[in-house]
Structures are given as structure tokens and as C-alpha cells.
Amino acid sequence: MRPGWLDRIWPLLPVLAALAFTSVLLLLFKASPVVAFSAMLEGAFGSSERILNVIAFWIPLLLCAAGLLITFQAGLWNIGIEGQIILGSIGATWVALSLELAAPLQITLEILAAMAGGALWAGIAGWLKTRGGVHEIFGGLALNNLAIILTNYLISGPWQPPEGGSFRGTVPFGEHALLPLFDGSRFSPLALILAGTAFSIVMIALRNSTWGLKLKALGRNSRSAFLLGVSSNREAVLAMMFCGALAGLGGAVRVLSWFDSLRQSISGGIGYLALLVVMLAAYRVLWVPFVAFFFSAVLNGAIVLQLRTQLHSSLGDILTGVMVLFVLLLGDPIRLRGLRRAKDDG
Amino acid sequence: MSRNKLNLLFSLLIIGSLLLAACAAPAAEPTEAPAAEEPAAEEPAAEPLTFGVVLVGPANDHGWSQAHAEGAQYVADNLGANLILFESLNPADKPEATLDGVVDDMISQGATLIITTSDEFEEDTATVAASHPDVIFINASGDDVHTGEAGPNLGNVMGRMEDMKAIAGCAAALTTQTGSIGYVGPLINFETRRLVASAYLGAKYCYENYRGLDPADLDFAVTWIGFWFNIPGVTLDPTEVVSNFIDTGSDVIMSGIDTTEAIDVVGQRFAADEVVHAVPYDFIGACETAPAACLGVPFFSWGPAYLALAQSVQDGTWVQSWDWNAANYNALGDPTQTDVGWVPGEGLSAEASASLDQFIAGLASGEINVWTGPINLQDGSEYIAAGATATDDEIWYLPQLPEGVEGPSE
């Protein structure tokens, strides 16, 4: 069976289906889909500020999705990515609050601490899986909750602002500790370069490296991979830590450019969103940045949608959620990967 | 093969429905447009005000955010103003949304007044106000104007809930048989501290003056759950906190959180013939869950204050101020007449009710001020000297809970 046009445009179908579904939903609420979708378009691309906002939100999403490509390749469900983002934010905050160095050094250390924090949290989940036999989904969920509790403790305890903890967040960091921003927006060009680099590394690792092959073997069948000499435990933990480091970097981008301090719910579900991105992209590496960008545009557009139509605020979430639902309904990713393999081999 | 056909069919169906939706859309549009233009056509004389209101939580939370949403609607109804409401602006619900982005769009839609309804927005409101000097911003519950940090186009508004909490505390003290009152607190900050303190001072006053009992025997404890509402795994579970209070001898439970656990649990225990009562918080209809167990509810009503602010912005007479609005004691239960209020519950005995009315009359006339010294802090230091009364600042910035309240101050 050779892949045809249907296979190529497959990821677009759920998008169209979700748009159709949401249109029907809007009509049921007596709202015009044309007005609604044009409000969303304007919300995402109506001005340069809005476009920059879409890009700024896209960066951590892309970082997380890139990391997840690695764990999915290894057959791992890294649900704990939310906690890894949070630990990254905490790592960056720790450096931001405790050191005062020249900006380049300060920011480098913040980013390294964030990546270490994310990798540590992911490593624990990987270690629990390989040594303790705890499935990474359950370990990840527990670690997500622990990360939230840790944030709440830090912002209401040791890192609370001098005027008293309000559970909002820490004091804003100094200028030297924050990523340089583009023209008063929340978009940091440096973060974009880092995300682009990270994504390229993931792409090369998956396509042209022995590690990528090992992960692939692990993902397909861990037992035979082991028999073929792939240390499945070691590779699984490494894959988790790699993803955790990228998620941690995403967390650093959140605290150092989107916000200027550590806030409660700093990850805000971006990790879960990234899981949806990778699923919607049907695990195709090149689709991931586009799907992630699309999600960012939809969610940002949904803000203006709510403001203009005064419809329920979750419409953006419904739209993205329905898309993924349609992917699961329409497309069977394993079948798709089967097709890809057939193509690669042929 | 059949599967592929099925998929194709399904895709065609979807594309078809998409086309259908697109075709149906223009038909829906004209029905909407005239509706929006109508008010302008009716009142060509006055330029209708457009104002934006940003909520931190959902507009139907039966608590803080709902009170603001209803206040905003009250303005829209009474002034014929256009309301742009944005709910649930917080990083957990909307990680992609920012206050400046939301406000920018409100202003592009013609808003000349923006009300941000949480202290969560205090800093961001100050920043965004500075970049829109022609628009008036009001931050509810903030104190930037009072501290002098606010730009010229930023005002603050808050209701004097402290007095209503004193009434609530009085109702609790008039009812308790075990002499033990439990207060379910949210997180600890200046606002929540002064509300607990007011409730305690009201309770102490009434315990001593109407019941003739020694206030030293009054047991008043606060348990902070850690946030405004229950977050499983993060905060203490308010249901457990309430049950625990009752199991350890408290027979009146006061709530300081956004949600309804206190009245829920107490209602169940009351229905099982236990002698327990509750004072819920925030939402005027909160007693409805368990009317017989409810002593009354202190509530916020933002409509009157927001209407006055909107009116002044529309007329161009707005002046910057830090409003800490006292209750209108002539209409304490009428949300259209007062900024903070109190609705008595069925759980109050006739005797308690009479004493409470006397207490409220005393507050109204100024004869009674529960913030009259001597008031010591928990560490034993004197805060208000004997005979003196606390200033607004001393109440607003209360650094510690008063002596006599059990529970942490920070």
C-alpha cells in the first residue's frame, strides 16, 4: 500500500472537521461562525502585537512538543511534562532570585538550571518506571501534583514578596535576569533561536542518529530491542531526561519572558497541549511546529472571540480538543507510521 | 480497502458540513447586526459608554467573580452602557491570555473604562493603565491610589466588608452554645487577616455585651486552607476542615472562602439533628443551601459603586480616588442600595436576632466600633491603645491577627 494524497493531507482533515463541528455548535448558540472565526483571525493576526503574542506562546509549546517527539519515539507517555515545565520555571527562578551577575552569564545559568530541573523531574519519572515498575503516566501525574505543591510552597513561603504572600507569585526579577524582549512585546528572539536549535537537534536525532534508531527500536518493541543490545532502561531514562530538559527550557521561557516572575500555575497546561500537538501532527516531526503554531493562534484568537461575541470562554479549548478527538477518530497514528515506514523503505 | 472508502466518505461528509456552515453563516449575520445598533438609535442624545470588566474566575462561581459580573450587568442595565466581559483570566485557565492583550482589545472596541476585579491584577493594571492614559482604569480591592503608586487614570474601589464580618461574628457569638467558633480562611494576606480580625472583634463584643459572658472563654479559631477555593492536593479540603471544627466542639462555622463548603457540611450535620450553624460568605443567596442552619450572610454588591464610577466616567467628572465604601445601613439587604450588606438567616433565634439588630443599629449610628482598644496582637504587643479607635490604615494593613484568635497570622 503506497501513501497517496489522502495520507499527505491527513492531518488537515481533523482541523477541517473540528471547524465544521464548531461551526455547528456556534449556529446552535445562534452565533455566526463567520463573525466568530473572523474574530479569531483578528485575535491571532490582527496586529503586530498579536502576532508577536502568538509567537511568544508558541515557543514553549514547540519546545515541549519537540521533547515529546523523543519520548513518543521511545514509546513513552510523558504525561509528567507539566511538572517538568514547572521545575524548569523553579530552576530559572532560583538562579534569578539568588544571583546577580552580568546578563549573559545570568541568563545562561538560569537556562541551565531550568533544563537541569526539568531533566531531574523527568529522570525521576523514568527511574520510577525502569526501577520501580511505576508506569510513567502515573508517576508523571504524581510528579505534576508535587511540582504544583512545590510552587505554591515557594511563592507563599521562602520566595514570597515582602508585602506578603498573595499566592500570585514572586517579586518581578531584575532586568538583567530577564530575556531581552522584542519591542515591548512578550516575544524573545533569543527564546526563538533556542527553540529552533532544540527542534533541529530533535529532528537530526530522530532521523540521522543511532540514538534515534535505538529509541525507535525501543518504542516498537522494548523486549526485542533489549535482545538486540539496546539498553532499554538506560535509553528510556535518557529519552525522558532529554524531553524534561526541553520542557524545563520552556518553563524558563515562561518565567523569563512571558511573565517576569514565578507564578502560580506557571505551566497552565502547556505540557498537555504539547501532547495534543504531537498527536494531532500524527508524530510527524515536520508537522509539529505548524500544528503548535496553529494551536497558539487558535487559543490567542479565542480571547478576542470571547471579547467580541461574549460566548463561552472555553470555545478555543473546545476547538482544539475537538480537533484531537477527530484525529483519534479519523487517523490511526500507528497505521500512519506504518505508511511512513513503507514509504521510507520503498 | 473498505476502511479507506469509509474514511473518504467521512471526509466528504465533513467538507460538506463545513460548506453548509459557511453558507448558513451570512444568514445569521444580519439578525445580529441590528440588535447591536438598536440602543444607539433609541438614544441618540447620550453617547453610550462602553466599559470592560475583567474577572479572575468564572462569572457563575456563586462568589467573588459572580458578584462582580452581576455588578457589571447592573451598570449595563441602568446606564444603557455596553459591557465587554472577560472571565477566568488566570494562568491556570488561560495560559495564553494576558491582561494587556485583553485590555487592548476592549479599548479597540471603544471601552473608555476598564474595571479589573482582583488584587491578582493590581500590578498589571498599573502597567497597562500607564500605556493607555486616555482610558480610566479601576482596580477593585487594590490600594495603589492610597499608597501613591497609581498613575492619574487609575482608581481603586473596595467595599467595607469588615463591618459586615463584625456582624457575622456577632451572630456567631450570639448563637454558640459551646463557646467555640471555627473560621475557614482562604490564604493569608492583609485583606483576609483584617476580615478574620473583624469577625473576631464582632464576636467578642457581642459575647461580652449581649450575653454577659467572659470573652476570654470564647474560643475563636481560624484554619487557612491555602487558597480561595479547594484545589485537591494543593489546599486543605474545606469539607474536612469544617467537619473537623464540628468534631472538636465548634458549633458555629464561619466561611471566608469563595465556595460553599461551610454551609454545605453544616447543612448536612444540621439535618442529622446536630446543633450546628454556619455563616457563609460573598454571595447573597448563599443561605439557600440550608436555610435553617444559616445565621445570615455578609455579601458584596458592586453594582452601586460601579454605576457611580461609570456615570462619572461617562459625564467626564471622574476624579481619582481610593474608595473604601461603607454599608448603607438603611438598606443592608438591598444589593441595589449598598456596596456591602448582610442578610439575616433563619437559623438566628428571636433573642439573638434582637441583640444583633441592636448591634447593627450601634454600628450604623457609630456608637459601636469593634476596632476600639485595647486591642493586642497575637504576640502580645499592644496595637490599639485603650480607648483609641483604629484608623483606616491600621485596619487595612493589620500586620497580625489580634490576641484571642487561634491560628497562624502569616
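See the structure printed just above.
Since this is a predicted model, take the numbers as computed values, not measurements.

As a further point, take the packing of aromatic side chains. Residue and element names in this part refer to chain B. Per the stated rule, a full pass over the model turns up 20 aromatic pairs over all chains. A ring pair is formed by Phe-190 and Tyr-397, whose centres lie 5.6 Å apart and whose planes are at 90 degrees; its orientation type is edge-to-face. With Phe-190 in helix H7 (residues 190–209) and Tyr-397 in the loop between helix H12 (392–396) and strand S15 (405–406), the pair connects residues that are 207 residues apart, well separated along the chain. Every member of this aromatic cluster is reached through a ring pair, and the members are Trp-64, Tyr-281, Phe-300, Trp-302 and Tyr-306. Its end group placed over the ring of Trp-324, Arg-160 keeps NZ or CZ at 4.1 Å from the ring centre. One residue, Lys-165, lies across the ring of Tyr-281, its end atom 3.8 Å from the ring centre.

Here we take up the state of the cysteines. The full count for this structure, using the stated rule, is 2 disulfides over all chains. Residue pairing for Cys170(B): its cysteine sulfur links by disulfide to Cys206(B), the two sulfurs lying 2.1 Å apart. Looking down the S-S bond of the Cys170(B) and Cys206(B) bridge, the torsion is -100 degrees, so its handedness is left-handed. Taken together, the residues span a long stretch of sequence, with Cys170(B) in helix H6 (residues 161–175) and Cys206(B) in helix H7 at a distance of 36 residues. Of the two residues, Cys170(B) and Cys206(B), neither departs from the other in class, the shared state being buried. Bridging Cys287(B) to Cys294(B), the disulfide has an S-S length of 2.0 Å. Its torsion about the S-S bond being -45 degrees, the disulfide of Cys287(B) and Cys294(B) is classed as left-handed. Each member of the pair Cys287(B) and Cys294(B) is classed as buried. When the bonded cysteines of chain B are counted from the start of the sequence, the pairing works out to 1-2, 3-4. For the unlinked cysteine Cys64(A), the closest cysteine sulfur is that of Cys243(A), found at 7.3 Å. Exposure remark for Cys243(A): the relative accessible area of 0% places this residue in the buried category.

The next subject is the sheet that holds strand S4 (residues 136–140) of chain B. Residue and element names in this part refer to chain B. Reading across the sheet, the 6 strands line up as S2-S1-S3-S4-S5-S11 and stay open at both edges, with parallel pairing between neighbours. The open sheet terminates on both sides in strands that have one partner only, identified here as strand S2 (82–86) and strand S11 (322–325). Put simply, the sheet's adjacent strands are angled 20 degrees from each other on average, direction ignored. Sheet strands touched by helix H4 (residues 122–131): strand S3 (113–116), S4 and strand S5 (154–159). Its angle to S4, the strand with the most contacts, is close to 175 degrees.

Let us look at helix H13 (residues 287–309) of chain A. Residues and elements named next belong to chain A. Between the first and last C-alpha of H13 there are 31 Å, a value that for 23 residues agrees with the 33 Å anticipated at 1.5 Å per step. With respect to burial, H13 is a largely interior element, 17 of its 23 residues being buried. At the C-terminal side of H13, Gln-310 shows a positive phi close to 55 degrees.

A few words now on the nonpolar core. Counting 108 residues, the largest nonpolar core has Phe51(B), Phe220(B), Trp342(B), Leu356(B) and Phe359(B) as its most contacted members. Considering each element in turn, this core owes the most residues, 10 residues, to H6(B). If you look at the next biggest cluster of nonpolar residues, it comprises 100 residues, including Val15(A), Ile81(A), Leu218(A) and Val298(A).

To continue, consider unusual backbone geometry. Most peptide bonds take the trans form, and the phi angle of most residues other than glycine is negative. The linkage connecting Gly373(B) with the following residue, Pro374(B), adopts the cis geometry, with an omega of 5 degrees. Assignment of secondary structure puts Pro374(B) in the loop between helix H11 (350–365) and strand S13 (375–376). Phi at Ser265(A) is positive, roughly 50 degrees, even though this residue is not glycine. Within the fold, Ser265(A) resides in the loop between helix H11 (232–258) and helix H12 (270–280). For Ser265(A), a relative accessible area of 26% puts it in the partly exposed group. For Ser141(B), which is not a glycine, the phi torsion comes out positive at approximately 80 degrees. Turning to its location among the elements, Ser141(B) is positioned in the loop between S4 and helix H5 (144–147). Looking at Ser141(B), the relative accessible area reads 9%, which means it is buried.

Our next topic: the side chain of Thr125(B). Residue placement: Thr125(B) occurs in helix H4. What Thr125(B) contacts, discounting residues up to four positions off in sequence, is Leu99(B), Thr116(B), Phe137(B), Asn139(B) and Leu154(B).

The subject of this paragraph is the packing of helix H5 (residues 81–98) of chain A against helix H7 (residues 136–156) of chain A. All names here are of chain A. Where H5 meets H7, the axes come as close as 7 Å, and the angle between the chain directions of the two elements is 30 degrees. Overall, the two elements H5 and H7 adopt an arrangement that is roughly parallel. Both H5 and H7 take part in a crossing whose hand is left-handed. Contact with H5, carried on its side by Ile-81, Glu-82, Gly-83, Ile-86, Leu-87 and Ile-90, involves Asn-144, Ala-147, Ile-148, Leu-150, Thr-151 and Leu-154 of H7 and no other residues of that element. Here the residues of the contact of H5 with H7 are counted per class, giving 8 nonpolar, 3 polar and 1 charged.

Residues and elements named next belong to chain A. For the pair H12 and H13, the least separation of the axes is 9 Å and the interaxial angle reads 130 degrees. Accordingly, the angle class assigned to the pair H12 and H13 is oblique. Considering how the two elements wind past one another, H12 and H13 form a crossing that is right-handed. Contact residues: Leu-273, Leu-276, Val-277 and Leu-280 in H12; Val-288, Val-291, Ala-292, Phe-295 and Leu-299 in H13. A per-class count over the contact of H12 with H13 returns 9 nonpolar, no polar and no charged.

Here is what the cut-offs are and how they apply
Residues numbered from 1 in each chain as written. Chains lettered and ligands numbered in written order. Predicted model: local features only at pLDDT ≥ 70, side-chain atom pairs only at ≥ 80, totals over all residues. Heavy atoms only, no water. Phe/Tyr/Trp six-rings, centres within 6.5 Å; stacked < 30°, edge-to-face > 60°. Helix = DSSP H or I, 4+ residues; strand = E, 2+ residues; numbered from the N terminus. Lys NZ or Arg CZ within 6 Å of the ring centre and 35° of its normal. Disulfide = S-S within 2.5 Å. Buried < 20%, exposed > 50% of the residue type's maximum accessible area, 1.4 Å probe, protein only. Pairing = 2+ DSSP bridges. Axes fitted to C-alpha atoms, helices over the stretch in contact; angles between N-to-C directions. Contact = heavy atoms within 4.5 Å. Expected span 1.5 Å × (residues − 1). Core = buried A, V, L, I, M, F, W, Y, C linked by side-chain atoms within 4.5 Å. Parallel < 35°, antiparallel > 145°, perpendicular 65-115°, else oblique. Left-handed = near helix turned anticlockwise from the far one by under 90°. Nonpolar A, V, L, I, M, F, W, Y, C, P; charged D, E, K, R; others polar.

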